[in-house]
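What follows is each chain in one-letter form.
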Amino acid sequence: MSAGDPFVDGNYPDFDVSKPNVARIYDAMLGGKDNFAADREFVAEVLRFAPMAPLGAIANRQFLSRVVEYLVVEAGVTQFLDLGSGLPTQGNVSEVARRRSTLARVVHVDNDPVVYTHSKALLADARTTEFVLGDVRRPAEILDNPAVRSMIDFDQPIGLLLFALLHHVEDSDEPGRIMTEFLAAMPSGSYLAISSLRLPGPELPELRALTLEGEKVHAGPVFTVRWREDSEILSWFGDWELIEPGLVPLSQWRSPGQSHTPYPELLHSFSGGVARKR
């Protein structure tokens, strides 16, 4: 490992497999094998309250695939900063991007040492892929990381990706500030993709109340999930230009089956969108 590596510098504590972790929970929901008993137990607890929860992980992965294909094929983006990348399960950003362009370069970022270890082993390609251990709550550390700077050209358009990440950021950690810092660092012509849990509107009082109750169940020192209003999610895009169809349920973003919603349970609770910096 090189100088400045978080493992070497000791900036990150040893991981505790007795506690559930966001990346490993998503892996378990996607049917992966890179998770521990605590993660599976947490998933089982979630399923007792929300039996359709794994559909969210599936829909998010499908949204990721469509977004990355759009950015590579239609927008011509060939470099990506994938924040909160999670474990490199099937259909990860590198896999989708490289399938569409051999020129694609991706830097994956996550704050989980287990994710770091697996990703460094599975995504090892110094020419096209890098993995950085970093915390999205400290944008400057990620943006100034030598590995990021060596792989990403900040004079050319970048695909900034935050799939299913910001709903795990507490209000006290100021997601708006986080996004302002990342957006300011992106060059013109860059694209931003966000997917996040959405709080159903007041026109659906029962579902809204049920969602707020679920948020209390998820609250804790290890794992937090926040469902947020449309207005807050939209604010994270700043003044960037939203690409049609805007901020919509995941299954409705440029899906080949836009006439129907494969996961109606997520229609009002999980949204995503893409925007371009002028």
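Position numbers for residues start from 1 in each chain and track the written sequence from start to end. Given that this is a predicted model, residues contribute local features only at a pLDDT of at least 70 and side-chain atom pairs are listed and counted only at 80 or more, while totals for whole chains, interfaces and linings are drawn from all residues. Excluding hydrogens and water, the side-chain figures rest on all heavy atoms present in the structure.

**Q** Explain the packing of helix H4 (residues 53-73) against helix H5 (residues 93-100) to me, please; I cannot follow it from the model alone.
**A** How two helices sit against one another is set out by the angle between their axes and by the gap between those axes. What counts as an axis is a line fitted to C-alpha atoms, over the stretch in contact for a helix, and the angles between N-to-C directions run from 0 to 180 degrees. Strands are runs of DSSP state E lasting at least 2 residues, helices are runs of H or I lasting at least 4, and numbering of each runs from the N terminus. Relative to each other, H4 and H5 sit at 35°, their axes nearing to 9 Å. The crossing of H4 and H5 is right-handed. Taking contact as the criterion, the partners of Leu64, Ser65, Val68, Glu69, Val72 and Val73 in H4 are, on H5, Val93, Val96, Ala97, Arg99 and Arg100. Within the contact of H4 with H5, the residues separate by chemical class into seven nonpolar, one polar and three charged. Each crossing is labelled by how the near helix is turned from the far one, with a counterclockwise turn of less than a right angle marking it left-handed and a clockwise turn marking it right-handed. Should any heavy atoms of two residues lie within 4.5 Å, those residues are counted as being in contact. Under the convention adopted here, Pro, Cys and the residues Ala, Val, Leu, Ile, Met, Phe, Trp and Tyr are nonpolar, Asp, Glu, Lys and Arg are charged, and Gly plus all remaining residues are polar.

**Q** Can you help me understand the pattern of salt bridges in this one?
**A** It is possible for side chains of opposite charge to pair when their charged atoms get near one another. Here, a salt bridge means any side-chain nitrogen of Lys or Arg that lies within 4 Å of a carboxyl oxygen of Asp or Glu. In total, this model carries 16 salt bridges according to the counting rule given. Of the charged contacts, one joins arginine 254 and glutamate 74 as a salt bridge, the two residues approaching to 3.8 Å between their closest N and O atoms. Of this pair, arginine 254 sits in the loop between strand S7 (248-249) and strand S8 (270-276) while glutamate 74 sits in the loop between H4 and strand S1 (79-83), and the two are 180 residues apart along the sequence. The salt bridge involving arginine 208 is made with glutamate 229; its shortest N-O contact spans 2.5 Å. Taken together, the positions of arginine 208 in helix H10 (residues 205-218) and glutamate 229 in the loop between H10 and helix H11 (230-235) put the pair 21 residues apart, joining distant regions of the chain.

**Q** Hey, could you run me through the side chain of aspartate 82 in this one?
**A** On the secondary structure map, aspartate 82 appears in strand S1. For the buried aspartate 82, which has no salt bridge, the nearest side chain bearing the opposite charge is arginine 61, at an N-O separation of 7.5 Å. When near neighbours in sequence (up to four residues on either side) are disregarded, aspartate 82 contacts Val93, Val106, Val107, His108, Val109, Leu161 and Phe163. The buried label applies to any residue whose accessible area, calculated with a 1.4 Å probe on protein chains only, is under 20% of its type's maximum; exposed applies above 50%, and partly exposed to all values in between. In this count, Lys and Arg are taken as positive residues and Asp and Glu as negative ones, while His and the chain termini are left out.

**Q** Can you walk me through the nonpolar core in this structure?
**A** In globular proteins that are soluble, nonpolar side chains generally tend to be buried together. Ranked by internal contacts, the top residues of the largest apolar core, which has 32 residues, are Val68, Leu71 and Phe80. Going through the elements one at a time, H4, H5, strand S4 (159-163), strand S5 (191-197) and S8 are the ones with two or more residues in this core. The element contributing the most residues to this core is H4, with nine residues. Those residues in contact with valine 68, other than ones at most four positions away along the chain, are Phe80, Val93, Val96, Ala97 and Leu161. Remark: nonpolar core denotes a set of buried residues (Ala, Val, Leu, Ile, Met, Phe, Trp, Tyr, Cys) joined through side-chain atoms within 4.5 Å.

**Q** Can you walk me through the environment of arginine 61 in this structure?
**A** When you line up the elements, arginine 61 lands in helix H4. A relative accessible area of 17% means that arginine 61 is categorised as buried. Spatially, the C-alpha atoms of arginine 61 and valine 93 are 9.5 Å apart, while their sequence positions differ by 32 residues.

**Q** Can you help me understand the packing of aromatic side chains in this one?
**A** The description of an aromatic ring pair rests on the distance of the ring centres and on the angle between the ring planes. Geometry of aromatic contacts follows a simple scheme: Phe, Tyr and Trp rings, the Trp one being its six-membered ring, pair when their centres are within 6.5 Å, and the pair is stacked under 30 degrees between planes, edge-to-face over 60, tilted otherwise. Evaluation of the coordinates by the stated rule reveals five aromatic pairs. Aromatic pair phenylalanine 63 and tryptophan 253: ring centres 5.9 Å apart, planes at 85°, arrangement edge-to-face. In this pair, phenylalanine 63 sits in helix H4 while tryptophan 253 sits in the loop between S7 and S8, placing the two residues 190 residues apart along the sequence. On the basis of relative accessibility, which here comes to 0%, the residue phenylalanine 63 falls in the buried class. For tryptophan 253, a relative accessible area of 0% gives the class buried. Between tyrosine 116 and phenylalanine 131 the ring centres are 5.8 Å apart and the planes differ by 70°, which places this aromatic pair in the edge-to-face class. Taken as a pair, tyrosine 116 in helix H6 (residues 113-122) and phenylalanine 131 in strand S3 (residues 129-133) lie far apart in primary sequence, 15 residues in all. For the pair shown, tyrosine 116 and phenylalanine 131 are each scored as buried. Members of the aromatic cluster, each reached through a chain of ring pairs, are Phe63, Tyr70, Phe163, Tyr191 and Trp253.

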